[in-house]
Amino acid sequence: DAGVTQSPTHLIKTRGQQVTLRCSPKSGHDTVSWYQQALGQGPQFIFQYYEEEERQRGNFPDRFSGHQFPNYSSELNVNALLLGDSALYLCASSLGGTNGYTFGSGTRLTVV
Amino acid sequence: QKEVEQNSGPLSVPEGAIASLNCTYSDRGSQSFFWYRQYSGKSPELIMFIYSNGDKEDGRFTAQLNKASQYVSLLIRDSQPSDSATYLCALGGNKLIFGAGTRLAVHP
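Residues numbered from 1 in each chain as written. Chains lettered and ligands numbered in written order. Predicted model: local features only at pLDDT ≥ 70, side-chain atom pairs only at ≥ 80, totals over all residues. Heavy atoms only, no water.

Let us now look at the overall build of chain B. Assigned secondary structure in chain B consists of 0 helices and 11 strands. When the helices and strands of chain B are listed from N to C terminus, the series reads β-β-β-β-β-β-β-β-β-β-β. For chain B, whose C-alpha radius of gyration is 13 Å, the value lies close to the compact-globule estimate of 13 Å for 108 residues. When its C-alpha atoms are laid out on the principal axes, chain B stretches across 40 × 30 × 20 Å. Across the 108 residues in chain B, those meeting the buried criterion constitute 44%. Looking at chain B alone, contacts between residues at least 24 apart form 53% of all its contacts between residues at least 6 apart. Carbon and sulfur atoms form 47% of the exposed surface of chain B, whose accessible area is close to 5200 Å². Across chain B, the centroid of the 10 positively charged side chains sits 6 Å from that of the 10 negatively charged ones. (Helix = DSSP H or I, 4+ residues; strand = E, 2+ residues; numbered from the N terminus. Rg over C-alpha atoms; globule rule 2.2 N^0.38 Å. Buried < 20%, exposed > 50% of the residue type's maximum accessible area, 1.4 Å probe, protein only. Contact = heavy atoms within 4.5 Å. Areas by Shrake-Rupley, 256 points an atom, 1.4 Å probe, with all protein chains shown as cover. Lys, Arg positive; Asp, Glu negative; His and termini not counted. Charge placed at Lys NZ, Arg CZ, Asp CG, Glu CD.)

Here we take up the environment of Gln31 of chain B. Residue and element names in this part refer to chain B. Following the sequence through the fold, Gln31 ends up in the loop between strand S3 (19-25) and strand S4 (33-38). Taking the C-alpha atoms as reference, Gln31 lies 12 Å from Lys95; in sequence the two are 64 residues apart. Those residues in contact with Gln31 that lie beyond four places of it in its chain are Ile50, Tyr51 and Lys67. From its side chain, Gln31 meets the backbone oxygen of Gly29 in a polar contact 3.2 Å long. Of the polar contacts made by the side chain of Gln31, one reaches the side chain of Lys67; its length is 3.4 Å. (Polar contact = N/O pair within 3.5 Å; in protein donor to acceptor, adjacent residues only side chain to side chain.)

Here we take up the interface of chain B and chain A. On the chain A side, the residues contacting the 18 residues of chain B number 18 residues. Both faces considered, chain B and chain A share a buried interface measuring about 1400 Å² in area, 50% of it formed by carbon and sulfur atoms. Where chain B packs against chain A, one counts 0 salt bridges. Counting across the chain B and chain A interface gives 7 residue pairs in polar contact (both at pLDDT 80 or more). By residue number, the principal contributor to the side of chain B that touches chain A is S4 of chain B, which donates 3 residues. Residues of the side of chain B that touches chain A, tallied by class, amount to 8 nonpolar, 8 polar and 2 charged. (Buried area = accessible area lost by both parts, 1.4 Å probe. Salt bridge = Lys/Arg side-chain N within 4 Å of Asp/Glu carboxyl O. Nonpolar A, V, L, I, M, F, W, Y, C, P; charged D, E, K, R; others polar.)

All right, on to the state of the cysteines then. With the rule as written, the count across this model stands at 2 disulfides over all chains. Across the disulfide, Cys23 of chain A is cross-linked to Cys91 of chain A (sulfur-sulfur distance 1.8 Å). Between Cys23 of chain A and Cys91 of chain A the sulfur-sulfur dihedral comes to about -60 degrees; the bridge is accordingly left-handed. Taken together, the positions of Cys23 of chain A in strand S3 (residues 19-24) and Cys91 of chain A in strand S9 (residues 87-94) put the pair 68 residues apart, joining distant regions of the chain. Relative accessible area serves as the criterion here: at 2%, Cys23 of chain A is assigned to the buried category. Disulfide pairing is shown between Cys23 of chain B and Cys89 of chain B; the S-S distance is 2.1 Å. Measuring the twist about the S-S bond at about -70 degrees, one finds the Cys23 of chain B-Cys89 of chain B disulfide to be left-handed. Placement of Cys23 of chain B in strand S3 and of Cys89 of chain B in strand S9 (residues 85-91) is noted, with a sequence separation of 66 residues between them. A relative accessible area of 1% means that Cys23 of chain B is categorised as buried. (Disulfide = S-S within 2.5 Å.)

This is the structure in structure tokens:
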């Protein structure tokens, strides 16, 4: 039973560029949440997707957008990258957005 | 704005001792609480969750919840060097709200 898979594992981008991160949820899960974790901080909620729609959003600018596909997989897009966007991006899946969240191994994004 | 507060540490304990990790939260309406362990450079992994006041035990781990005091703790008995990690407290619900984590160092 595959858990949550994220790709790529590491990424280096230049300021101003755009990036797309991908997530496949755990089998049987239909909800995907994205978190940003800066060094030394706890994960911060970006947004959650359910039934291909953004259901909730945290305090992140519109540069952060996402998408959920019919197979429940999801993408996180960040435009106009800033140095401060450098972080570990975590995807967590659950069934119906309940408390049973499973995290992927994350994507380490470095903006130079 | 819901907040979760944790002492950043490091909390240093000798091998075999009890490690006590604490967390306070601001939202009295919070119903579920989670403890995650995160090794350096890795993703969080769930250790325990607790919904009801009192203690919940799972192996060497005990979670304690006091809703009146808005306080949740995690006790790790017989601490091992492999327990050295950052421990994240989180409020549950439609999304997880994390504290900044407490770094635990277990020394031989």
